[in-house]
Amino acid sequence: MFKKILRLIKKYDTIVIARHIGVDPDALASQVALRDTILLAFPNKKVMAVGNGSAKFHYMGKLDKLELNNETLLIILDTPDQKRVDGVDVSEFAYSIKIDHHPFVEKFCDVEYIDDKAGSTCEILLELIENCKLKMNKEIASYLFMGVVSDTNRFLFNTATPKLFRLIANLIEEYQLDDLFSLYQNLYLRPMSEVRLQGYIGEHMIVTPNGVGYIEITNDLINQFGVDSASAGNMINNFNFIEEVYVWVTITEDVKNDIIRIGIRSRGPVINFVAERYNGGGHVFASGARVTSFETALALVNDLDEVCKKYKESIKEESPNED
Ligand code: AMP
């Protein structure tokens, strides 16, 4: 499949690389890294990485203005469904490729490569680049490293396989990534205001008897702590490994977009099918949704509570002698 993708890249002189709305480091790193890798190998092509950026990710290179012609190839990264594609209309392109690591939702590109065992889209690109004997430079390698680190939460999950560690070791060695600390700092440096809000969340998270922890982060709270809505929502990744909590949920008011964004994480129960019921989706253990009221958010929490209840029963059955 990688060779087929390379043939298509060779065939088209104009290429647009897009990804999902609500940009995050893996999506952004993958599109900027793929653009720059293609340009290194084929400097005469016009390759654009498009979509809404975020000042927060200034260390991840610059995006481009979309310019189409009749013979443009579209590559969509890190996006399982058409409604979440940012900034392009798939039907306007001569040909389209999807490369993604989310569980399959729908086919909307001519060629699709999905590896839902990969912890990040950047990992798939590392494989593609290695397989197709394409070259990177230190900057591209740094982008891919940060994308992998961010989506795997620093190699925390079972997606951290020997294959991934080999890819990363080769990347660090070949491109002399000798200042990993700076790359981590790009991703994890945060203002005190966010730490204080994190403290608030720890103190006020409600935990149901079945093990769902949830917190409502209202606009008033966001203003009180002086953080932005997106950063508040992202704090969900800091609440893993709490004994009483199997699934945890942030319910964040986003007044600017008139929406309530929900982040969901799990350390056991499968959650993405619940998110799908609420205008959302995602990975088996990391999902998100968008709703329009706190009431609906609490209905989602209720559904997750049911899932947790069944999960707890199932693990009890597996080890009946433990209490
Ligand atoms: P987040 O909590 O935003 O980091 O998202 C975790 C995962 O859920 C990512 O893989 C997202 O692509 C997915 N996700 C988040 N929000 C939505 C949504 N509204 N619809 C579908 N998938 C989502």
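Residues numbered from 1 in each chain as written. Predicted model: local features only at pLDDT ≥ 70, side-chain atom pairs only at ≥ 80, totals over all residues. Heavy atoms only, no water.

**Q** Whenever I open this one, helix H5 (residues 162-174) confuses me. Can you help?
**A** For H5, with 13 residues, the first-to-last C-alpha span of 18 Å sits near the 18 Å given by 1.5 Å per residue. For H5, the elements touching its buried residues are helix H3 (121-131) and helix H4 (138-151). (Helix = DSSP H or I, 4+ residues; strand = E, 2+ residues; numbered from the N terminus. Expected span 1.5 Å × (residues − 1). Contact = heavy atoms within 4.5 Å.)

**Q** Sorry if this is basic, but what is going on with the site of the ligand here?
**A** Among the 13 residues in the neighbourhood of the ligand, the closest are listed as His102, Arg265, Gly280, Gly281 and His283. Here an oxygen atom of the ligand and a backbone polar atom of Gly288 are 3.2 Å apart. Taken together, the elements giving at least two residues each to the shell around the ligand come down to strand E10 (280-282) and strand E11 (286-291). Per-element tally for the shell around the ligand: the top contributor is E11, with 5 residues. Residues of the shell around the ligand, tallied by class, amount to 2 nonpolar, 8 polar and 3 charged. (Near = heavy atom within 4 Å. Polar contact = N/O pair within 3.5 Å; in protein donor to acceptor, adjacent residues only side chain to side chain. Nonpolar A, V, L, I, M, F, W, Y, C, P; charged D, E, K, R; others polar.)

**Q** Can you walk me through the domain arrangement of the chain in this structure?
**A** Accessible area lost when the parts come together is the quantity often used to give the size of an interface. Each assigned domain of the chain is listed with its residue range as follows: domain 1 (2-187) and domain 2 (192-318). Placing a centre on the C-alpha atoms of domain 1 and another on those of domain 2 gives a separation of 28 Å. The partner domain 2 presents 10 residues to the 9 residues of domain 1 that form the contact. Counting the surface domain 1 buries against domain 2, the share from its top three residues, Lys56, Pro103 and Leu156, is 44%. (Domains from an automatic or database assignment. Buried area = accessible area lost by both parts, 1.4 Å probe.)

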